[in-house]
Amino acid sequence: MILTYAWSTEGFIADLDALGPITHEETTASGGKLMTEYELCGPARHYRNDVEYRFEHPREKLIKPGCLATFVVRYRGEPGMTSISFSLEDYELARQHTAELDRQIVEALTGKTVEASDIDL
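Predicted model only: the values in this text are computed from it and were never measured.

## With respect to the sheet that holds strand β2 (residues 11-13)
Sheet strands pair by backbone hydrogen bonding; their relative direction is either parallel or antiparallel.
Moving on, step 1. Pairing in this open sheet of four strands is antiparallel, and the strands run β2-β1-β5-β6 from one edge to the other. The strands lining the two open edges of the sheet, one partner per strand, are β2 and β6 (81-90). Across this sheet, the average inter-strand angle for adjacent strands is 15°, counted without regard to direction.
Moving on, step 2. Note that strand β1 (residues 2-8) and β2 share three bridges and pair antiparallel. Among the inter-strand pairings, W7 is bridged to a residue of β2, identified as F12.
Moving on, step 3. In the packing of helix α1 (residues 91-109) onto the sheet, contacts are made with β5 (67-78) and β6, and the angle to β5 comes to roughly 130°.

Structure (structure tokens):
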């Protein structure tokens, strides 16, 4: 059994399953349109966290737009063994972290003096 509690920029989402897909439209560097469809606070991964040796600026900003956080409770019970796990994902903090990281990278690449961030993680 998996229970997911989610908060959006509008507040607590009482029925996450009732929300339909959301379409996100972006203009590419070449002037084309990039359409992405996703579920608000859904289980799919809507952002890339791959390790690459290439920095794209501006970076794709699609870190679950509109979703602030999710709290997931997983329960699994079998004879002789019960397992309960919890997961809290703070997407607003992820967006802040990405913006601050990008700022420091761009300043370092352009030769400016880079001040370390004071983000509380």
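There's more to say after this.
## Observations concerning the pattern of salt bridges
Moving on, step 1. Summed over all chains, the structure comprises five salt bridges.
Moving on, step 2. Two residues, E92 and R95, come together in a salt bridge whose shortest N-O distance is 3.1 Å. Of this pair, E92 and R95 both sit in helix α1, separated by three residues, roughly a single helical turn.
Moving on, step 3. Note on E92: relative accessible area 31%, which makes it partly exposed.
Moving on, step 4. We note a salt bridge from E100 to R103, for which the minimum N-O separation is 2.4 Å.

## Examining the side chain of S8
Moving on, step 1. Within the secondary structure, S8 is located in strand β1.
Moving on, step 2. A residue is classified by how much of its surface remains accessible, and S8, at 7% relative accessible area, is buried.
Moving on, step 3. Within polar-contact distance, the side chain of S8 engages the backbone nitrogen of E10 at 3.0 Å.
Moving on, step 4. Every residue in contact with S8, bar those within four places of it in the chain, is listed here: I13, L40, G66, C67 and L68.

Rules behind the numbers
- Residues numbered from 1 in each chain as written.
- Predicted model: local features only at pLDDT ≥ 70, side-chain atom pairs only at ≥ 80, totals over all residues.
- Heavy atoms only, no water.
- Pairing = 2+ DSSP bridges.
- Helix = DSSP H or I, 4+ residues; strand = E, 2+ residues; numbered from the N terminus.
- Axes fitted to C-alpha atoms, helices over the stretch in contact; angles between N-to-C directions.
- Contact = heavy atoms within 4.5 Å.
- Salt bridge = Lys/Arg side-chain N within 4 Å of Asp/Glu carboxyl O.
- Buried < 20%, exposed > 50% of the residue type's maximum accessible area, 1.4 Å probe, protein only.
- Polar contact = N/O pair within 3.5 Å; in protein donor to acceptor, adjacent residues only side chain to side chain.

Geometry only, nothing functional implied.
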